[in-house]
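# Coordinate inspection notes
Spelled out, the chains give:
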Amino acid sequence: MANLQEIINADISIIGGGIAGTSVARELSKYDISIIVIEQKHGVGLEGTSTNHSLVCQGGDSLTFRPGTLHAELNIKSIPLWPKLSEELNFKFRRIGGLWLIRDNSDYKKFQKMVSRAFKSTLDPKSPLLIPEGSFSPLRFVDKKELKNLEPEISDNFLGALYDPNLATVDPPEVAKAYAENAKANGVDFLFNTKIKSIKREENKFELHTDNALIKSNIVINASGIEADRVAEIVKARDFSYVPLKGTLVEFDEELGKLINHETTILPRGSPHLQVVSPTVDNKLKAGIHLVMSFRSDKEVKDYAVNHAINVAKTLYPALRFENHITKSFVGFMAMTNPDTGWHDFVIANHDFVPNWINIVLGPAGVSASPMLGKKVVEILTKSGLILKEKSNYNPSIRKKVES
Ligand SMILES: Cc1cc2nc3c(=O)[nH]c(=O)nc-3n(C[C@H](O)[C@H](O)[C@H](O)COP(=O)(O)OP(=O)(O)OC[C@H]3O[C@@H](n4cnc5c(N)ncnc54)[C@H](O)[C@@H]3O)c2cc1C
């Protein structure tokens, strides 16, 4: 435990112990370099990583991401990595599959377009984003009868669905813990209850000031989630813009969870709010998502946002009494970049004028892309001239408790 006077030296400091900070720490722990993760909370994965829909885009959904973005690239490249990762690190990975419900011909035509684009961009053997054989099952349309077989409680109003058998779910805080514990066992240090308050940059070195300790590092990775802009601003390394997008979700108990097998969703029409119900790894359900741009301090769960989730669930499953099975409702924030253009991309980049400073800003599908985040950081560090020597004794499965 650090005391007031403690000075810590590390080659790389990672600010933030969410899914970004922990997955990057794990990847970097493969190399002979000293690393410290600094987290303001008492453990890992307690902020954005714990307040989301827990879905791992494994097929149809990631194939709809805008081609050419880092968001699409890292998600698609993560698809084949998840099953092996869950075995290596022993966390739950449940393949639930997704049903994109069809109300009419217009939905059907949209889904047809989506499928043809999906196949063009990632299943073409010449594509740089080719998904290896065996890690992806093709999407297919199911009629009303098959839809009812797959989801017996679904409303009779749907004509069928586009079925994506690949979609999966995890418990993101469990995954962050697994990344962190493996990183720790491979030599990464963790400092909890420690908030970065100020940073001094001298030549190409950083001094990170906190209440408990002074951390000196050559390289800083800013993985502070929704605070990434404020942290970057301290060293004038903010070269991205984002708006905090507030999402509200409702969780329902196992009694309902056992009745629904797949992520079920309808395309929103004339509304920014998502309409989705899906099972969790521990057989509960999550529904939502009411989305609104807001101040990041606005963590209040509003009744209208909860009602949105209940209405969505009842539209999809009219015979079930959702109101009687709520276990919690909660708010999460994501950093939505490019609000002007209306589409989103990740930021994972070295700052142009602040050498050795890497910003990570994820937003939607950041958990899904986490197996690739560290690999992207390694690529950036290597390109900037850092020689990373692999450790001979790296162990991909060993774990050591991180929290105090
Ligand atoms: C409603 C909603 C639904 C979503 N659904 C999904 C989904 O189904 N699948 C998916 O893949 N993604 C989903 N996302 C996105 C996903 O939640 C994010 O991409 C991901 O959690 C971001 O992780 P992170 O590590 O960047 O941020 P965080 O998990 O927030 O981690 C940042 C960490 O930095 C720490 N920190 C901040 N400032 C400081 C400081 N000054 N000093 C020290 N520590 C600091 C924080 O305490 C925090 O632990 C969803 C998001 C929302 C809002």
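What counts, and where the lines are drawn
Residues numbered from 1 in each chain as written. Predicted model: local features only at pLDDT ≥ 70, side-chain atom pairs only at ≥ 80, totals over all residues. Helix = DSSP H or I, 4+ residues; strand = E, 2+ residues; numbered from the N terminus. Rg over C-alpha atoms; globule rule 2.2 N^0.38 Å. Buried ≥ 20, exposed ≤ 12 C-beta atoms within 10 Å, placed from the backbone. Contact = placed C-beta atoms within 7 Å. Pairing = 2+ DSSP bridges. Axes fitted to C-alpha atoms, helices over the stretch in contact; angles between N-to-C directions. Domains from an automatic or database assignment. Parallel < 35°, antiparallel > 145°, perpendicular 65-115°, else oblique. Left-handed = near helix turned anticlockwise from the far one by under 90°. Nonpolar A, V, L, I, M, F, W, Y, C, P; charged D, E, K, R; others polar.

To continue, consider the overall build of the protein chain. For the protein chain, the helix and strand inventory stands at 11 helices and 19 strands. On C-alpha atoms alone, the protein chain measures out to a radius of gyration of 22 Å, which is about the 22 Å that the 2.2 N^0.38 rule sets for 404 residues. Overall, the C-alpha framework of the protein chain stretches about 65 × 50 × 40 Å when taken along its three principal axes. Counting all 404 residues of the protein chain, 48% fall into the buried class. Of all intrachain contacts in the protein chain linking residues separated by at least 6 positions in sequence, the fraction that spans at least 24 positions is 75%.

Reading across the sheet, the 3 strands line up as β3-β8-β4 and stay open at both edges, with antiparallel pairing between neighbours. Each of the sheet's edge strands pairs with one partner strand only, and the pair in question is β3 (55-56) and β4 (93-95). As paired elements, β4 and strand β8 (residues 168-170) share 3 bridges and run antiparallel to each other. Looking across to β8, one finds that Phe93 is bridged to Val170.

Here the focus is the sheet that holds strand β6 (residues 140-143). Across the sheet, 8 strands lie side by side as β6-β7-β5-β14-β15-β16-β13-β17; this open sheet has mixed pairing. The open sheet terminates on both sides in strands that have one partner only, identified here as β6 and β17 (326-337). With direction set aside, neighbouring strand axes in the sheet form an average angle of 25 degrees.

A few words on the domain arrangement of the protein chain. Taken as a whole, the protein chain is organised into domain 1 (8-97 + 168-241 + 338-404) and domain 2 (98-167 + 243-336). Once you take the C-alpha centre of each, domain 1 and domain 2 turn out to be 27 Å apart. If you look at the interface, domain 1 gives 34 residues, while domain 2 gives 36 residues. At the level of elements, α2 (60-63), α3 (70-78) and β8 are the ones that each hand at least two residues to the side of domain 1 that touches domain 2.

Once that is clear, we can look at the packing of helix α1 (residues 19-28) against helix α11 (residues 370-383). For any two helices packed against each other, one specifies the inter-axial angle together with the distance between the axes. Relative orientation of the contacting elements α1 and α11 amounts to 60 degrees, with a least axis distance of 8 Å. With respect to their mutual orientation, α1 and α11 come out oblique. Both α1 and α11 take part in a crossing whose hand is right-handed. Residue-level inspection shows Ile19, Ala20, Ser23, Val24, Arg26, Glu27 and Leu28 of α1 in contact with α11, the latter providing Ser370, Pro371, Leu373, Gly374, Lys375, Val377 and Val378. Tallied by class, residues from the contact of α1 with α11 come to 8 nonpolar, 3 polar and 3 charged.

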